[in-house]
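Summary of structural features
One-letter residues, chain by chain:
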Amino acid sequence: MIKTKKNILTFLLIFIFSTSFSQTFTVKGKVIDSDTKEPLAFVNIVINGGKHGGTSDIDGKFNLSSDKNISILNFSYVGYFSQIYEVRGNEKNIIIELKKRVINLAEVIILPGINPANRIINNAIKNRDLNDPEKIKSFSYTSYEKMIFTVNKDSLEKIPENDSLSEGFKMKKFLKTKNLFLIENVYKRKFMYPDKNYKKVIASRISGLKNPLFTFLLSELQSFSFYKDMINISDKNYINPISKGSLKKYFFLIEDTTYSDSDTTFIISFRPKKNKNFDGLKGVISISTNKWAIKNVIAKPENDESGLSIKIQQKYEFIDNSHWFPVQLNTDILFNNIQVNDSTKSFKIVGVGKTYIYDIVLNPALVKKEFSNIEIEVDKNAHNKDQIFWDKYRTGSLTTKDKNTYHFIDSIGKAEHLDRKMKVFETFINGRIPFKYFDLNINKLLRYNDYEGLYLGVGAQTNESLSRNLILKGYYGYGFKDKKSKYGFNLSWLLNKKSDLKFSLSYSDDVTETGAVNDFAKESNFFNDDVLRSLFIKKMDKTQNQEIKISFRTLKYLKVNLALNNTKKTPGYLYNYLFNPGNPNILKTDFYFSDLSLGLRYAYKEKFIKNAYNKMSLGTNFPVIFFKYTKSLNNFLDGEYSYDRFDFKLKKSVYTKYLGKTSVTINAGYINGDVPYCNLYNGHGSYRFFSIMAPNSFATIRMNEFVSNKYFALFFSHDFGKLLFKTPKFQPEFAIVSNFAFGNLNNANRHLGVPVKTLNKGYFESGLLINNLLNMQIYNLGVAAFYRYGPYTFDNFHDNISLKITLKYTL
């Protein structure tokens, strides 16, 4: 016992002695670009020319400690000249400026034998599932993010200091003390494997706005981690260099190696191999020998000519001594299509964003009932948090520049009524122009088709200023070619917000396309495929309709629509319907229908973002299915016909590595019973020899060329993107399209005055698209050619061809 106590005493004396007389040497600082003054993340730093040291963090800062005097620091970074710095004591605020060096990527790098970087990358690929944070059973964390918007510093530095009267100089002076814009968010996230996800935004602040109608989450601009096959940056997919097959597509090079007591870290640059066309990234990744995990990564698209150029950075830490986890995500944005101009110069807007992740809990006890189809929810009080709340969640205090930005932009927001203007903008993109108690409906102001010619009108609806639950809509318009007035109204009542339970009554006296499919869940916005096709419509029916409708959501992913309709249709063309085949003297020219319909839209695992005002879909990775059953009510109200109608639609898109995006749309319909021409199915054509392309329609079928009471149509497209051809300046995007249809018509002899042609032999067409020939930043233009072949080919080759202009949105 005495010996044991003696040993303990000896140990304590040694410990106290070593603690008292040992010294720790510390050096702190920041590494920046010598030209732009922007921080440089993950710079390799070696102490005293040995093997030990560290790296700058994601914000360029470093804090190095050693039990030996630190006299020399060696800084090395991919794409920059190395630098040696002589330390003078325990320096606290060293600023290291590294100078960029030009790397000629055209040079061929010859490595003897097997590239050693490939072995390291291969180990990282083998351990992807082990290190992927979204393969953990569950996790939760809190995140604070901040994004500033300013002007590209390179542009400002070129403005001479003696040009004090220029607008550029005034801007330069302004941006020394303020930014153009500032956004902050705090949210809490819960995740449960494999795909249960929920983010609750508990605080959000946008300079200039007191009560924003939207929340912009910076973290949504990039993939949460760098372990998926596809890295998503601003809604575009890129092949991950740490994925199966990437060694054949990417060139890797070990740029540096760092050592610590626990592991070795390899700094490896990557870029697509020459003559390999695919959507690739270039950058630098650091791989630790501890589980062969990613410690940090910097990446950006190899070639990005879109409206946004984005660079991402991710930093990981070893949490609970068990799993690597992202702790910071940086997102730098260059807005190529938004510029600030003075009389002589243009300045591009840039965004600098940082997302900090903390309070990380691995494998918390979560249950499924904590999750729903709401993936992002904004707390109703998120925009009203006080300074005490923000100080609790910010990872650091606001800078003087940040405070000046809020003070200045908030004062402008108040003076210029930015909240009101943002409300106008939000309403406008939803198709409305707001006034005090009502909104004007934009889609009722103007339209064009071959039947009506130019249509001018006005439409309005009450807004939430009058009532949040009760909405009254009405419209009136006039077609200058058919010389007819159109009008209608709708009264809807939101009974339950959670289930979107709505009851509505409507009446309309308008025109509808002959043989069209009325999809109850059709998206009514400019990006809908049918908007462009509607330009070519030739046959329409004057339609008077009364409707009672109930709609709601149920079973998480199902939208239901129940409707009772009473309709009168009068063809706007010469047509007679043989109402009774046994009596050829009974011909009808006006048609009365009464029916009850059930419409379903099912989108499995569809996710939504919800705020205090509305709920918006974030989409789904699974097929979206539409189904509608219509049961006629003969001798009820004005109904004269007896039939059952079934309509089906399926839409699915999938992105395949190294191949591109495949999209499939299937339409099918069946009518059991005889109905007039106006309620059959047309061929869904959009033919003009030269015109704008309408996706998911038959480019070589003439309008109303075919008619069916049962049909099946398949629209297939595959977009190769830039995979087939790419140069630094010219990046056309190739796509192929193939469409097929089959249909038939019973009792064709009952339709008089119109050509009756069926699809019973099968219809085929294919096309080649070359997109992105002219980049307009928000959208790009291209060309397409379609050819009609098979049983319905015309004798004249020219008649089988259709040339199109393609329109593809890039944002």
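Structure: see above.
Residues numbered from 1 in each chain as written. Predicted model: local features only at pLDDT ≥ 70, side-chain atom pairs only at ≥ 80, totals over all residues. Heavy atoms only, no water.

Turning to empty space enclosed by the protein, a few remarks are in order. The tally for this structure, following the rule as stated, stands at two cavities of 30 Å³ or more. Put simply, the largest cavity is a space of about 60 Å³. If you trace the largest cavity, you find it lined by Tyr577, Gly673, Asp674, Val675, Leu680, Asn709, Leu745, Asn746, Asn747, Arg750 and His751. Looking at the lining of the largest cavity residue by residue, the class counts come to four nonpolar, five polar and two charged. The space that makes up the second largest cavity amounts to roughly 30 Å³. As for the second largest cavity, its lining consists of Lys484, Ser485, Lys486, Asp509, Asp510, Val511 and Lys542. Secondary-structure elements contributing two or more residues to the lining of the second largest cavity are strand E26 (484-496) and strand E27 (501-513). (1 Å grid on protein atoms, 1.4 Å probe; cavity = no way out; pocket = protein on both sides within 12 Å on 5 of 7 lines; lining within 4 Å. Points joined across faces, edges and corners; volume = space filled by probe spheres on them. Nonpolar A, V, L, I, M, F, W, Y, C, P; charged D, E, K, R; others polar. Helix = DSSP H or I, 4+ residues; strand = E, 2+ residues; numbered from the N terminus.)

Taken together, the side chains of Leu470, Leu472, Phe489, Leu491, Trp493, Leu495, Leu505 and Ile548 make up a nonpolar region of the molecular surface, amounting to roughly 700 Å² of accessible area. Per-element accounting of the nonpolar patch gives the leading share, four residues, to E26. Looking at where Trp493 falls in the secondary structure, it is placed in strand E26. (Patch = residues over 30% accessible without salt bridge, like charges linked within 9 Å, V, L, I, M, F, W, Y side chains within 5 Å. Areas by Shrake-Rupley, 256 points an atom, 1.4 Å probe, with all protein chains shown as cover. Salt bridge = Lys/Arg side-chain N within 4 Å of Asp/Glu carboxyl O.)

Read across the open sheet, the three strands follow the order E31-E30-E43; overall the sheet is antiparallel. The sheet terminates laterally at strand E31 (587-588) and strand E43 (751-752), the two strands that pair on one side only. (Pairing = 2+ DSSP bridges.)

What follows covers the nonpolar core. Core analysis: the largest hydrophobic core is formed by 46 residues, its most contacted members being Phe226, Ile268, Phe270, Leu281, Ile285 and Ile294. No other element matches the five residues that helix H2 (residues 116-126) contributes to this core. Ranked by size, the runner-up nonpolar core spans 26 residues in total, among them Tyr573, Ala741, Tyr763 and Tyr792. (Core = buried A, V, L, I, M, F, W, Y, C linked by side-chain atoms within 4.5 Å. Buried < 20%, exposed > 50% of the residue type's maximum accessible area, 1.4 Å probe, protein only.)

Attention shifts here to the pairing of strand E15 (residues 281-288). Across the eight residues that make up E15, a large majority, seven, are buried. Pairing of E15 with strand E16 (residues 293-301), which is carried by eight bridges, proceeds in the antiparallel orientation. Pairing of Ile287 across the sheet is with Ile294, part of E16. Between E15 and E16, which follow one another and run antiparallel, lie four residues, and Lys291 among them has a positive phi close to 70°.

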